[in-house]
Every structure is written in C-alpha cells, then in structure tokens.
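Here's the letter readout for the chains.
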Amino acid sequence: MTVPTLTLNDGKTIPQLGFGVFKVDPEETERIVTDALEVGYRHIDTAAVYGNEEGVGKAIAKSGIARDELFVTTKLWNDRHGAEESKRALGESLEKLGLDHVDLYLIHWPTPANDNSVETWEAFPGYRDQGLTTSIGVSNFDHRFLPEILDTGIIPAVDQIECHPQFQQVDTRPLLAENDIRIEAWGPLGQGNVDYASTVIGEIAAAHEKSWAQAIIRWHLQKGHILFPKSNNRDRMEQNFDVFDFELSDSEMASIDALENGGRVSADPAEVN
Ligand code: NAD
C-alpha cells in the first residue's frame, strides 16, 4: 500500500494520508504513535496544545525510521503569537519532539481578538530560512481570515481546516484553489460525531465492501485533500490506511459532495482566541 505524495506550492512534498494525535493522551501517545508507524503511517500531525509532542518524539526516535522518510507537523498555539514569542514556541516544540526541524509549521488559529496573526505570519518564512521547518502554513484561516494573510505576499503551503462531507468549506475553497494552497482536512470523519453510516456514504461503502470511514477517506483522497484521521485503536488505524485498493466513481463522489449542509462539528474560528 503506497500513500500518494502531493507537491505543495513551495515545491516540497507531503504524504497525502497521515495520522493525527488530537486528544491522544500524552501518557499513551508514544504507544499509539508507535502503532501508527508500525501500521505504515509516515506523516504525523500534532500541535503544541495537544501536550503530546514528547510522546510523538519518543515514538519517532524509537522507531528507527529515517528522518527523511517521516513528515511531522506541529502548530503554534494561540497564546504564543507574535514574532519573538512564536520563535520561542517553535524552539520548545522542537525540543519536545527531539527534532532539529519539523516538516510543516502552522499557525493553529487566527485568533481575531489578538489581532496579531499577520505579524506572526510574517515571522514564519524566517523559520523556514533557518531550517527549523521545511514548509509553513496556516490552520483555521477560512475566507474571513485568509485575505490578510495573502496580502502579505507570503502564501501558505496548506490551510488545515475543518472539512468533511457535510462541511466542505465552500466559501473558502475558491481562495485556496486560486492560490494553490492545499486543504488539510481536519475532523475528516466528522470527529466520529456525525452518523455518516446512515447517509449515502453507508451505501457507497457497502458497494465497495468497505466501511463508512474508508469511503469518506477515499472521498477526501480523490478530492485532493491531505488528511490524518485519528484513532487510538490499532484495527481502525489499519482500516483507515487500507484505502488504496478501491476507487469511488464520479457519481459516488458527486453524491457525497451533495451532503454539504454547513454543519460544522467543532469551533468557529471567529470565536477561538
Ligand atoms: P477525525 O474526523 O479524524 O475523527 C476521529 C474519531 O473518529 C475517532 O476518535 C473515532 O471516534 C472515530 N474513528 C476514527 N476512525 C474510525 C473508523 N475507522 N471507524 C469508525 N470511527 C472511527 O477527527 P480529529 O481527530 O479531530 O481530526 C483528525 C486530526 O486533525 C486530529 O487528530 C488532529 O491532528 C487534526 N486536527 C486539527 C485541528 C486544528 O484546529 N488544526 C482540529 C482538530 C483536529
């Protein structure tokens, strides 16, 4: 099973399917990420606020997998915005991860009340130039917050944003496409809180002898999204990785597209500070 690699707008490459560790207990992270690496995942998505960068780092160190075969993302938390503060925060993340660089560093949320995401973003190319991160991007910057980032002339490689069949970021997609910014779909399975099995996705999955989760993952892959579904359970990790032996037809893709209803399952970026 080979995970496709996508090329970002900065010329760097990223494994399209990875493993996310939101809400993975720091005490259990080393074991869970070790499982994920054994299953075959080579792209790990963490964040300073998850409190589990150390566990991710330990699993990586123990795995013996060459650093250049891994893709590691972490994110700047909301209370560390600003040019100087973000540099300190990145240093702390690298220390916890036990790495000299990450592959992707993201501003986690726009935090409109702080009004300093532009200053923060303008510091990010410096981290790339210093080799502390290979690529830079943003997270949760929808059509309301992306324009001020684009006005800097520094174009993010990705925007990591809530995206699943009932909430596809319809307002933000055109802006991302125009600027060749890849969507990283967080909550790709609706965080397990949407009954997707009872929708057309259940029928499509059955037709391919796959689970509803595998059908959604396949939909994301064929849409060109990068994603890293999360599971603490090794069977599900394997299931979520076993998605390269079937393909959805155009009409199956269209019927999943039609599930869009504006139904977020998590926070509105305008309200996170
Ligand atoms: P997700 O959509 O990946 O859902 C995870 C949940 O779905 C699991 O806890 C489990 O309950 C269920 N699940 C997983 N595999 C399943 C399967 N095969 N069958 C049935 N149920 C299954 O949600 P997520 O973890 O929030 O998102 C994925 C990753 O995205 C995170 O781990 C994190 O890395 C990232 N993320 C980023 C942000 C951000 O603000 N940038 C926010 C949330 C998540």
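Treat the numbers as computed from the prediction; the structure is a model and nothing was measured.

**Some words on the pattern of salt bridges**
Once their charged atoms are close, side chains differing in charge can pair, the charge on each being opposite to the other. The full count for this structure, using the stated rule, is 17 salt bridges. For D268, the salt bridge goes to R144, with nearest N and O atoms at 2.7 Å. Here D268, found in the segment after α10 (250–257), pairs with R144, found in the loop between β7 (133–139) and α5 (146–150); they are 124 residues apart in sequence, far enough to count as distant. Judged by its relative accessible area of 18%, D268 is buried.

**Notes on the sheet that holds strand β3 (residues 19–20)**
Judged by pairing direction, the sheet is parallel, and its 8 strands sit side by side in the order β3-β4-β5-β6-β7-β8-β9-β10 without closing on themselves. Each edge of the open sheet is held by one strand with a lone partner, namely β3 and β10 (226–227). Where strand β8 (residues 158–162) meets strand β9 (residues 182–186), 5 bridges bridge the pair, whose relative direction is parallel. Paired with E162 across the strands is W186, a residue of β9. Contacts between helix α4 (residues 117–129) and the sheet are confined to β5 (71–76), β6 (102–107) and β7, with β7 contributing the most and set at about 160° to the helix.

**Observations regarding the side chain of R80**
Within the fold, R80 resides in the loop between β5 and α3 (83–97). Here the side chain of R80 touches E92 through a polar contact of 2.9 Å, side chain to side chain. Among all residues touching R80, those that are not within four sequence positions of it are E85, S86, R88, A89 and E92.

**Looking at the site of the ligand**
Inspection of the region around the ligand gives 26 residues, with D45, S139, L189, Q191 and N240 positioned closest. At 3.1 Å, a backbone N or O of P188 approaches an oxygen atom of the ligand. Bound to the protein, the ligand loses 90% of the 830 Å² it would expose on its own. Those elements giving two or more residues to the shell around the ligand turn out to be α8 (212–223) and α9 (234–241). Along the lines of polarity and charge, the residues of the shell around the ligand split into 11 nonpolar, 11 polar and 4 charged.

**So, the packing of α3 against α4**
For the pair α3 and α4, interaxial distance at closest approach is 8 Å and the crossing angle is 50°. If you check the angle between α3 and α4, you find them oblique. The two elements α3 and α4 meet at a crossing, and its hand is right-handed. Between α3 and α4, the contacting residues are A83, S86, K87 and L90 on the first element and E119, T120, A123, F124 and Y127 on the second. Among the residues forming the contact of α3 with α4, the class breakdown is 5 nonpolar, 2 polar and 2 charged.

Cut-offs used in this document
Residues numbered from 1 in each chain as written. Predicted model: local features only at pLDDT ≥ 70, side-chain atom pairs only at ≥ 80, totals over all residues. Heavy atoms only, no water. Salt bridge = Lys/Arg side-chain N within 4 Å of Asp/Glu carboxyl O. Helix = DSSP H or I, 4+ residues; strand = E, 2+ residues; numbered from the N terminus. Buried < 20%, exposed > 50% of the residue type's maximum accessible area, 1.4 Å probe, protein only. Pairing = 2+ DSSP bridges. Contact = heavy atoms within 4.5 Å. Axes fitted to C-alpha atoms, helices over the stretch in contact; angles between N-to-C directions. Polar contact = N/O pair within 3.5 Å; in protein donor to acceptor, adjacent residues only side chain to side chain. Near = heavy atom within 4 Å. Areas by Shrake-Rupley, 256 points an atom, 1.4 Å probe, with all protein chains shown as cover. Nonpolar A, V, L, I, M, F, W, Y, C, P; charged D, E, K, R; others polar. Parallel < 35°, antiparallel > 145°, perpendicular 65-115°, else oblique. Left-handed = near helix turned anticlockwise from the far one by under 90°.

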